[in-house]
Protein chains: 2
Amino acid sequence: MKNAIDRLIDKIKETGNPTVMGLDPRYEMLPECVTNKYPKTLEGAAQAIIEYNKALIDETCDIIPAIKPQIAFYEMFGVPGMKAFEETCKYAKEKGMIVIVDAKRGDIGSTAAGYSNAYLGKTKIGDMEEAIFDVDFITVNPYMGTDCVKPFIEDCKKYNKGLFILVKTSNPSSGELQDIKLESGEEVYTNVAKLVEKWGEELRGEYNYSSIAAVVGATYPKQLEDIRKTAPHTFFLIPGYGAQGGKPEDIALGFDKNGLGGIVNASRSLMCAYKSDRWKDEFQESDYAKATRAEAIRMKEELNSVL
Amino acid sequence: MKNAIDRLIDKIKETGNPTVMGLDPRYEMLPECVTNKYPKTLEGAAQAIIEYNKALIDETCDIIPAIKPQIAFYEMFGVPGMKAFEETCKYAKEKGMIVIVDAKRGDIGSTAAGYSNAYLGKTKIGDMEEAIFDVDFITVNPYMGTDCVKPFIEDCKKYNKGLFILVKTSNPSSGELQDIKLESGEEVYTNVAKLVEKWGEELRGEYNYSSIAAVVGATYPKQLEDIRKTAPHTFFLIPGYGAQGGKPEDIALGFDKNGLGGIVNASRSLMCAYKSDRWKDEFQESDYAKATRAEAIRMKEELNSVL
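Next up on the list: the side chain of Gln223(B). All names here are of chain B. Position of Gln-223 among the secondary structure elements: in helix H10 (residues 221-230). Classification of Gln-223 as buried rests on a relative accessible area of 12%. If we ignore the near neighbours within four places in the chain, the residues touching Gln-223 are Lys-168, Asp-179 and Tyr-189.

So, in structure tokens, the structure goes:
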């Protein structure tokens, strides 16, 4: 099997689209034509989420290379929610999409290994070994330092998986810790970007990017540009486009001269296209997945116009 | 209902024991007399974990105030593992124990709200509201800044729950980011400790500690002492005792002159007491829970000798 970042970049090239669809199924955002079919219980909500996610995947798997389920929106529906998460990941992989789980896990070594087993590797039960959620990439929080990232990197090597490590996040308070200046004059995010570049050395693929990648928000274009220079072999997952305010020309700063180097996340703008000012008159609620496809094509064109 | 930190401190006073039992059920640590009863599958592993956890809870709920399941060790068994997690939390609460979920969650505002709904608050499904895992406390990672912590704090107010926010973790590389000096000369961990103290102002209880609490490792005694001074109303969850090297006299630095202010985590030393050099000759494998009780009493006496 090819390494994870090559699989992702191949898929981006094949679709001509550096977009990842965030699958964050807030219940109140789901179309009533879906939720009304199921009881108002955790099980019913989970079934509605599965139906909705599968419809979006069916309608976009030929034009969007990857999905990014945010696991919080599945955990909040308890055990049935986790089943919906599992089924969503499995279905997207069957349809040929790359799956990036947004879980922002991070813990001391042996615990990090537990998380890594869950999402990337395998769990041992006596002499048996079983893959659990078995996705392509997971997002990781580096606050606890190197020994919390290493077990994930080991599994990336062993199972051809990848990481997106938080370097500079897109939220308003991200600077409180991430922008702090070290005695060297360097910011924390620069320091983390260098660590990520270094951790990724052994996992570079045919496009010269590594499967050990980074999360860098579109909402801080200066930092996005800086980090592109600091970490030239580090691929970026770029959140913050659309609803959070990141503009296409800002996003372009995260890409290289060949138009590679990043994948842009859009969650609400794709998932809820059917409710958006742009598409609500053109599509009925029951055509929600077609509205998502229309928005995906519009976004793809917008991104490609600046890359 | 009393606020979360008062419930926890009441329970510590009632048992005379500032210990939290980490329930991190690594499969290979479980006694064979338990694992052999069940098939070597995810479902079988989950059933073994439930039996083991319940036996430990039964044997210690009168002498240990709280449990701390590390959720990675449940997620790694997939959906059946999450069921075991849910059942463990429920059972411990029924037995009167305080439940602290070690999940180290943290994400941008709306996603943090999703996590908070899952563990502390309630999930809305149309007009229905349902509590999901409904535990007392969750651990939170502050790397993304204030706006990622706020939704958890809101639920703490609304549902009388609490947080343990990572300030200085016990692992070897924790200093890479947490010990960085700011331009003010202060370390990142001091800065985070001050933030936690401030966030907790509105949630102080009858012992003058807040339900917005902190994780501070026993393996860095100087920092533990510093943070006790920086954050006098902040209660500490103290990992790193025992297997990781934290000594009782180090731990005492995190407590106040009344012997309050912290709870000490022990995972392996309690869960696997039956395999330890100290207890393995005295207890048969099938008496694993009694060995845990004996070790809990020994640990309690050791802690009380220095507090």
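On to the packing of helix H3 (residues 42-60) of chain A against helix H13 (residues 288-306) of chain A, then. Residues and elements named next belong to chain A. Running from N to C, H3 and H13 point in directions that differ by 45°, and their axes come no closer than 9 Å. In this view, H3 runs oblique relative to H13, as classed from their interaxial angle. Our pair here, H3 against H13, has a crossing hand that is right-handed. Judged by residue contacts, Glu-51, Tyr-52, Ala-55, Leu-56, Glu-59 and Thr-60 of H3 engage Tyr-288, Ala-289, Lys-290, Thr-292 and Arg-293 from H13. Residues that form the contact of H3 with H13 fall into these classes: five nonpolar, two polar and four charged.

We now examine unusual backbone geometry. Residue and element names in this part refer to chain A. Residues other than glycine seldom take positive phi values, yet Lys-104 does so here, at roughly 45°. Within the fold, Lys-104 resides in strand S3 (residues 98-105). Residue Lys-104 is classed as buried on the basis of its relative accessible area of 7%.

What follows concerns the sheet that holds strand S10 (residues 262-266) of chain A. Residues and elements named next belong to chain A. On the basis of which strands lie adjacent, the closed barrel formed by eight strands has the order S1-S2-S3-S6-S7-S8-S9-S10 and parallel pairing. The average undirected angle you get between the axes of adjacent strands in this sheet is 30°. The sheet contact formed by strand S9 (residues 234-238) and S10 spans three bridges and is parallel. Within the sheet, the bridge partner assigned to Ile-238 lies in S10 and is Val-264. Packing against the sheet, helix H10 (residues 221-230) makes contact with strand S7 (162-168), strand S8 (210-216) and S9, and its axis sits at approximately 160° to S9.

What follows covers the nonpolar core. Tyr119(A), Leu163(A), Tyr119(B) and Leu163(B) are the most contacted members of the largest nonpolar core, which totals 232 residues. For Tyr119(A), the residues in contact, after removing those within four places along its chain, are Ile71(A), Met82(A), Phe85(A), Val101(A), Arg105(A), Phe133(A), Asp134(A), Val135(A), Ile138(A) and Glu75(B).

Moving on to the pairing of S3(A). All names here are of chain A. Counting buried positions over the eight residues of S3 gives eight, a clear majority of the element. Burial of the side chains of S3 extends over both faces: Ile-98, Ile-100, Asp-102 and Lys-104 are buried on one face and Val-99, Val-101, Ala-103 and Arg-105 on the other. Pairing of strand S2 (residues 66-69) with S3 involves two bridges; the strand directions are parallel. Pairing of Ile-67 across the sheet is with Val-99, part of S3. One ladder, built from three bridges, connects S3 with strand S6 (residues 137-140); its direction is parallel. Looking at the pairing, Ile-100 lines up with Phe-137 of S6.

Turning to the sheet that holds strand S3 (residues 98-105) of chain B, a few remarks are in order. Residue and element names in this part refer to chain B. Here we have eight strands rolled up into a closed barrel, ordered S1-S2-S3-S6-S7-S8-S9-S10, and parallel in their pairing. Neighbour-to-neighbour, the strand axes of this sheet turn through a mean angle of 30°, independent of strand direction. The pairing of strand S8 (residues 210-216) with strand S9 (residues 234-238) spans three bridges and is classified as parallel. Bridged to Ala-214 within S9 is Phe-236. In the packing of helix H9 (residues 188-199) onto the sheet, the strands contacted are strand S7 (162-168), S8 and S9, and the crossing angle to S7 comes to about 160°. Each of S7, S8 and S9 touches H10; the most contacted strand, S9, lies at about 160° to it.

The subject of this paragraph is the pairing of strand S1 (residues 19-23) of chain A. Residue and element names in this part refer to chain A. With five of five residues buried, S1 is to be regarded as a mostly interior element. Direction of pairing for S1 relative to S10: parallel, over a ladder of three bridges. The residue bridging Met-21 from the neighbouring strand is Ala-266, located in S10. Two strands pair when backbone bridges link them, and S1 and S2 are joined in this way by four bridges, in the parallel orientation.

What relates the two chain copies is a rotation about an axis together with a slide along it. When chain A is fitted onto chain B, the two copies agree to an RMSD of 0.0 Å after a turn of 180° and an axial shift of 0.0 Å. The symmetry that links the two subunits is that of a two-fold axis. Taken as a fraction of all interface residues of chain A, those also at the interface in chain B reach 100%, which identifies the copy contact as same-surface.

As a further point, take the packing of aromatic side chains. Residues and elements named next belong to chain B. Inspection of every chain in the model, using the stated rule, returns 21 aromatic pairs over all chains. An angle of 35° between the planes, with centres 4.9 Å apart, marks the rings of Phe-137 and Phe-164 as tilted. Within this pair, whereas Phe-137 is found in strand S6 (residues 137-140), its partner Phe-164 is found in strand S7, the two being separated by 27 residues in sequence. Here the two residues Phe-137 and Phe-164 agree in accessibility, since each one is buried. Look at Tyr-209 and Phe-235: their rings are 5.7 Å apart centre to centre, the planes differ by 85°, and that puts the pair in the edge-to-face class. Of this pair, Tyr-209 sits in the loop between H9 and S8 while Phe-235 sits in strand S9, and the two are 26 residues apart along the sequence. Taken individually, Tyr-209 and Phe-235 each receive the classification buried, so the pair is uniform in this respect.

Moving on to helix H13 (residues 288-306) of chain B. Residues and elements named next belong to chain B. Taking 1.5 Å per residue, 19 residues should reach 27 Å; H13 reaches 28 Å between its end C-alpha atoms and fits that length. Inspection of H13 places Tyr-288, Ala-289, Ala-291, Thr-292, Ala-294, Glu-295, Ala-296, Arg-298, Met-299 and Leu-303 among the buried residues, and these make up the whole buried set. Elements in contact with the buried residues of H13: strand S1 (19-23), helix H2 (32-35), helix H3 (42-60), helix H11 (248-251), strand S10 (262-266) and helix H12 (268-271).

Moving on, we come to the state of the cysteines. Per the counting criterion, the structure on display carries zero disulfides over all chains. The thiol of Cys89(A) is not disulfide-bonded; the next cysteine sulfur, from Cys61(A), is found 15 Å away. The class for Cys89(A) is buried, based on a relative accessible area of 1%. No disulfide involves Cys33(B); its sulfur sits 12 Å from that of Cys272(B), the nearest cysteine. Taking the relative accessible area as the measure of exposure, Cys33(B) reaches 31% and is therefore partly exposed.

Our next topic: H10(A). Given 3.6 residues per helical turn, the α-helix brings residues three or four places apart onto the same face. All names here are of chain A. Taken together, the buried positions of H10 are occupied by Gln-223, Leu-224, Ile-227 and Arg-228. Take H10 and look down its axis: the buried residues cluster within an arc of 140°, on one side only. Exposed side chains of H10 directed beyond 90 degrees from the buried face belong to Lys-222 and Lys-229. Tucked inside the fold, the buried residues of H10 contact S7, helix H9 (188-199), S8, S9 and helix H11 (248-251).

Before going further, it helps to spend a moment on the environment of Val20(B). Note that Val20(B) resides in strand S1. The class for Val20(B) is buried, based on a relative accessible area of 0%.

Reading guide: rules and limits
Residue positions are given per chain, counting from 1 as you read along its sequence in written order. Note on labels: chains are lettered from A, ligands numbered from 1, in written order. Residues qualify for local features only when their pLDDT is at least 70, as the model is predicted, and side-chain atom pairs are given and counted only at 80 or more; totals for whole chains, interfaces and linings, by contrast, use all residues. Each side-chain value is derived from all of the structure's non-hydrogen atoms; neither hydrogens nor water enter the calculation. Only DSSP runs of H or I covering at least 4 residues are called helices, and only runs of E covering at least 2 are called strands; the numbering of each starts at the N terminus. To sort residues, take the accessible area from a 1.4 Å probe on protein chains only and compare it with the maximum for the residue type: under 20% means buried, over 50% means exposed, and anything in between is partly exposed. Should any heavy atoms of two residues lie within 4.5 Å, those residues are considered in contact. Between the N-to-C directions of two axes lies an angle of 0 to 180 degrees, each axis being a line fitted to C-alpha atoms and, for a helix, fitted only over the stretch in contact. For classification, angles of less than 35 degrees are called roughly parallel, those exceeding 145 degrees roughly antiparallel, those between 65 and 115 degrees roughly perpendicular, and all remaining angles oblique. Helix crossings get a hand from a simple test, with the near helix turned counterclockwise from the far one by less than a right angle marking a left-handed crossing and a clockwise turn marking a right-handed one. Throughout this entry, Asp, Glu, Lys and Arg are counted as charged residues, while Ala, Val, Leu, Ile, Met, Phe, Trp, Tyr, Cys and Pro are counted as nonpolar. The remaining residues, Gly among them, count as polar. Note on pairing: DSSP must find at least two bridges between two strands before they are called paired. Residues enter a nonpolar core if they are buried and are Ala, Val, Leu, Ile, Met, Phe, Trp, Tyr or Cys, with the set joined through side-chain atoms within 4.5 Å. Superposing copies: least-squares fit, C-alpha atoms only, residues required to have pLDDT of at least 70 in both. When two rings of Phe, Tyr or Trp (its six-membered ring) have centres within 6.5 Å they constitute a pair, described as stacked for plane angles under 30 degrees, edge-to-face for angles over 60, and tilted for the intermediate range. Given the number of residues in a helix, its expected span is that number minus one, multiplied by 1.5 Å. Disulfides are defined as pairs of cysteine sulfur atoms found within 2.5 Å of each other. To be clear, the arc concerns the directions from the helix axis to the C-beta atoms.

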